[in-house]
Amino acid sequence: MASSLNFPLFFTFLLATLLTTSITTNYGTFSDEVSEAITLKRIEITTHLHFYFHDILSGKNPTAVKIAGPLGFVFGSTFVIDDALTEGPKLTSKLVGRAQGMYVFVSREDNPELLMVVTYIFVEGPYNGSSISVLGQNPVLNDVREFPVVGGSGLFRLARGYALAHTIMFDFKTGDATVEYNLLGQKIAFGATAMADDPLTEELEPGSKVVGRAQGMYALASQRDSGLLMVMNFAFLEGGFNGSTLSILGRNRVLDPVREMPIVGGSGLFMFARGYALARTVRYSLKTGDAVVEYNVFVTTSCNAWIESF
C-alpha cells in the first residue's frame with residue numbers, strides 16, 4: 001500500500017549569536033586559546049596569535065618582489081610575498097610561519113594604502129599546517145592598522161576575526177620592514193552544541209504554512225570538516241500525520257550540496273519507521289547563521305507501506 005505526503009518539507013533553523021572571549025598574551029607568546037560555554041552549550045574559541053612579519057625587498061634573496069606597476073611605491077605597485085613570521089622582532093628569532101600572498105598600492109593620496117590579500121601559514125606547534133587568510137585595507141603610515149580575518153584552514157577552518165598591525169622598523173631606502181601582528185581569530189569549536197525547535201513549512205518562505213516542528217539538537221562532531229551530529233525529531237501537525245513523528249540520528253556534512261541521514265524510528269503513523277532523509281541547503285546567511293534547508297524524507301512503516309514526501 002502506498003501513500004504520499006502532499007506537502008514539501010522545508011526545515012528552517014536559526015543559529016544563535018555566539019558569545020566570545022578575547023584574551024591578551026604576554027610578549028613573546030605565540031598563541032593562546034580560551035573557550036566559553038554559553039546558554040545553549042555552544043562553544044567558540046578565540047585564538048590570539050602574536051608574531052612579527054618581515055618584508056624584505058633588498059639583497060640577493062628578497063621575500064617580497066614587485067611584479068607590476070610604475071617605479072617606486074606608488075599607486076598600482078604590486079608585490080608578491082613569501083615573508084617570514086617569527087616569534088620575536090629579530091629575523092633570526094624562532095620561525096612560526098610564513099605570510100604568502102600579495103599587496104597592492106591602491107591609493108592615489110599622499111598617505112599610501114595597501115590592499116592586503118595574504119594567507120598566514122603556520123609551522124609551529126598544534127597550528128602546524130593551519131592557516132588564516134586576511135583581506136583588507138592597510139594604511140601603512142598609521143601607527144596601528146586593523147583588517148579582517150576572512151577565513152582559514154586546518155584548525156582555523158571557518159575562522160573570522162581581525163588583525164592589528166604595527167610597524168616597528170621601516171627602511172626608507174630599501175623598503176624593508178618589520179611589522180608586529182596581533183591576530184585574533186574566532187571559530188566554532190569541536191563539540192559546539194545547539195538545541196533546536198524550528199518550524200517545518202510547506203513552502204520556502206518562513207511565513208508559509210507550518211506543517212510541523214523540528215525539535216532536538218545538533219553538535220559539531222568533527223575536527224576535520226563541518227560534520228554535525230543530528231539528533232532530531234520531526235513532529236508533524238498537518239492532516240492525517242498530526243501528532244506523528246519521525247526521528248533522525250546521523251551525520252550531516254553541512255557544506256555538501258546534498259546530505260543523507262538515516263530515519264531511525266518514529267511514533268504514531270510512523271511507528272517502527274525506517275528510511276532516510278535527503279537535506280539540501282537552499283539559503284544560508286554567513287553573517288547571522290540563519291538557514292533554510294529543504295528535506296525529502298523517504299520511510300517505510302512496519303506494514304511495509306512506503307510513504308514518500310517531496
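- As named in an unreviewed UniProt entry, the protein chain is Dirigent protein, taken from Rhododendron simsii.
- The Sequence similarities (unreviewed entry) comment attached to the protein chain in UniProt states, word for word, "Belongs to the plant dirigent protein family."

## Re the overall build of the protein chain
Here is step 1: When helices and strands are tallied, the protein chain shows 0 helices and 20 strands.
Here is step 2: Restricting to contacts in the protein chain with at least 6 residues of sequence separation, those with at least 24 account for 46%.
Here is step 3: Accessible area of the protein chain: about 15800 Å², with a carbon and sulfur share of 57%.

## Notes on the nonpolar core
Here is step 1: Within the largest apolar cluster, 29 residues are counted, with the highest numbers of intra-cluster contacts made by Phe51, Tyr103, Tyr120, Phe122 and Tyr181.
Here is step 2: Among the secondary structure elements, those contributing two or more residues to this core are β4 (43–55), β6 (78–86), β7 (95–105), β8 (113–122), β9 (131–139), β10 (145–153), β11 (160–170) and β12 (177–188).
Here is step 3: Ranked by the residues each element gives to this core, the list is headed by β8, at 5 residues.
Here is step 4: Grouped together as the second largest cluster of nonpolar side chains are 26 residues, Leu200, Ala214, Val293 and Val299 included.

## Notes on the pattern of salt bridges
Here is step 1: With the rule as written, the count across this model stands at 6 salt bridges.
Here is step 2: A salt bridge links Arg213 to Asp197; its shortest N-O distance comes to 3.1 Å. Within this pair, whereas Arg213 is found in strand β14 (residues 210–220), its partner Asp197 is found in strand β13 (residues 193–201), the two being separated by 16 residues in sequence.
Here is step 3: The shortest N-O distance in the salt bridge between Arg253 and Asp256 comes to 3.4 Å.

## Some thoughts on the pairing of strand β16 (residues 245–253)
Here is step 1: With 9 bridges connecting them, strand β15 (residues 227–236) and β16 associate as antiparallel partners. By the bridge assignment, Leu229 is partnered in β16 with Arg251.
Here is step 2: The sheet contact formed by β16 and strand β17 (residues 259–267) spans 4 bridges and is antiparallel. By the bridge assignment, Thr245 is partnered in β17 with Ser267.

## Some details on unusual backbone geometry
Here is step 1: With a phi close to 65 degrees, Phe272 is a non-glycine residue in the positive phi region.
Here is step 2: Within the fold, Phe272 resides in the loop between β17 and β18 (274–284).
Here is step 3: You can call Phe272 exposed: its relative accessible area is 58%.

## Some remarks on a nonpolar patch on the surface
Here is step 1: Together, Met195, Met217, Leu229, Val231, Leu249 and Val264 give the surface a local cluster of nonpolar side chains, amounting to about 470 Å² of exposed area.
Here is step 2: The residue Met195 is located in strand β13 in this model.

## As for the confidence of the model for the protein chain
Here is step 1: The predicted model of the protein chain has a mean per-residue pLDDT of 79, with 78% of residues at 70 or higher.
Here is step 2: Mean pLDDT values over the elements of the protein chain span from 35, in strand β2 (residues 9–13), up to 95, in β6.
Here is step 3: Low confidence marks residues 1–28, where pLDDT is under 50. Its contacts with residues over four positions away, or in another chain, come to 95 contacts.
Here is step 4: When the criterion is pLDDT under 50, residues 303–310 qualifies, and its contacts beyond four places in sequence or with other chains add up to 30 contacts.

## Observations concerning the environment of Gly191
Here is step 1: Relative to the assigned elements, Gly191 resides in the loop between β12 and β13.
Here is step 2: Owing to a relative accessible area of 31%, Gly191 belongs among the partly exposed residues under this scheme.
Here is step 3: A C-alpha to C-alpha distance of 8.1 Å links Gly191 and Ser222, two positions 31 residues apart in sequence.

## Considering the packing of aromatic side chains
Here is step 1: Within the structure shown, the criterion is met by 17 aromatic pairs.
Here is step 2: An angle of 45 degrees between the planes, with centres 5.6 Å apart, marks the rings of Phe53 and Tyr181 as tilted. With a gap of 128 residues between them, Phe53 in strand β4 and Tyr181 in strand β12 connect regions that are remote in the sequence.
Here is step 3: A relative accessible area of 1% places Tyr181 in the buried class.
Here is step 4: Joined through ring pairs, the aromatic side chains of Phe51, Phe53, Tyr120, Phe122, Tyr127, Phe147, Phe156 and Tyr181 make up one cluster.

## A closer look at the pairing of β6
Along a regular strand, successive side chains alternate from one face of the sheet to the other.
Here is step 1: Counting buried residues along β6, 7 of its 9 residues qualify, which places the element largely inside the surrounding structure.
Here is step 2: With 4 bridges connecting them, strand β5 (residues 64–68) and β6 associate as antiparallel partners. Within β6, the residue paired with Lys66 across the bridge is Phe79.
Here is step 3: Pairing of β6 with β7 involves 9 bridges; the strand directions are antiparallel. Residue pairing across strands places Thr86 opposite Leu95, the latter belonging to β7.

## Concerning the side chain of Thr63
Here is step 1: Here Thr63 is to be found in the loop between β4 and β5.
Here is step 2: A distance of 2.5 Å separates a polar atom in the side chain of Thr63 from a polar atom in the side chain of Asp83.
Here is step 3: Ignoring any residue separated from it by four or fewer positions in sequence, one finds Thr63 in contact with His54, Asp55, Ile56, Val80, Ile81, Asp82, Asp83 and Arg98.

Reading the values: the criteria
What you see as residue numbers is a count from 1 along each chain, following the sequence as written. Local features in this predicted model are restricted to residues whose pLDDT is 70 or higher, and side-chain atom pairs enter the listing and the counts only when it is 80 or higher, whereas totals over whole chains, interfaces and linings include all residues. As a convention, hydrogens and water are excluded, and side-chain values are obtained from all of the structure's heavy atoms. UniProt positions are given in the numbering used here, feature names are shortened, and annotations may be inferred rather than shown by experiment. Secondary structure is summarised from DSSP: a helix means a run of H or I of at least four residues, a strand means a run of E of at least two, and numbering begins at the N terminus for each. The contact definition used throughout considers only heavy atoms, calling two residues in contact when any of these lie within 4.5 Å. Method for areas: the Shrake-Rupley scheme with a 1.4 Å probe, in which residue coverage is limited to the protein chains shown. Grouping buried Ala, Val, Leu, Ile, Met, Phe, Trp, Tyr and Cys residues that are joined through side-chain atoms within 4.5 Å yields what is termed a nonpolar core. For the exposure calls, accessible area comes from a 1.4 Å probe over protein chains only, and a residue counts as buried if that area is under 20% of its type's maximum, exposed if over 50%, partly exposed in between. Throughout this description, the term salt bridge denotes a Lys or Arg side-chain nitrogen within 4 Å of a carboxyl oxygen of Asp or Glu. Paired strands, as defined in this entry, are two strands with at least two bridges between them according to DSSP. Each patch is assembled from residues with relative accessible area greater than 30% and no salt bridge, linking like charges that lie within 9 Å and nonpolar side chains (Val, Leu, Ile, Met, Phe, Trp, Tyr) that lie within 5 Å. What pLDDT conveys is the predictor's confidence in a given residue, as a value from 0 to 100. Each pair of aromatic rings taken from Phe, Tyr and Trp, with Trp reduced to its six-membered ring, is defined by centres within 6.5 Å and is described as stacked if the planes are under 30 degrees apart, edge-to-face if over 60, and tilted in the remaining cases. Definition of a polar contact: a pair of N or O atoms within 3.5 Å, with one able to donate and the other able to accept a hydrogen when the atoms are protein atoms, and with sequence-neighbouring residues admitted only if both atoms are side-chain atoms.

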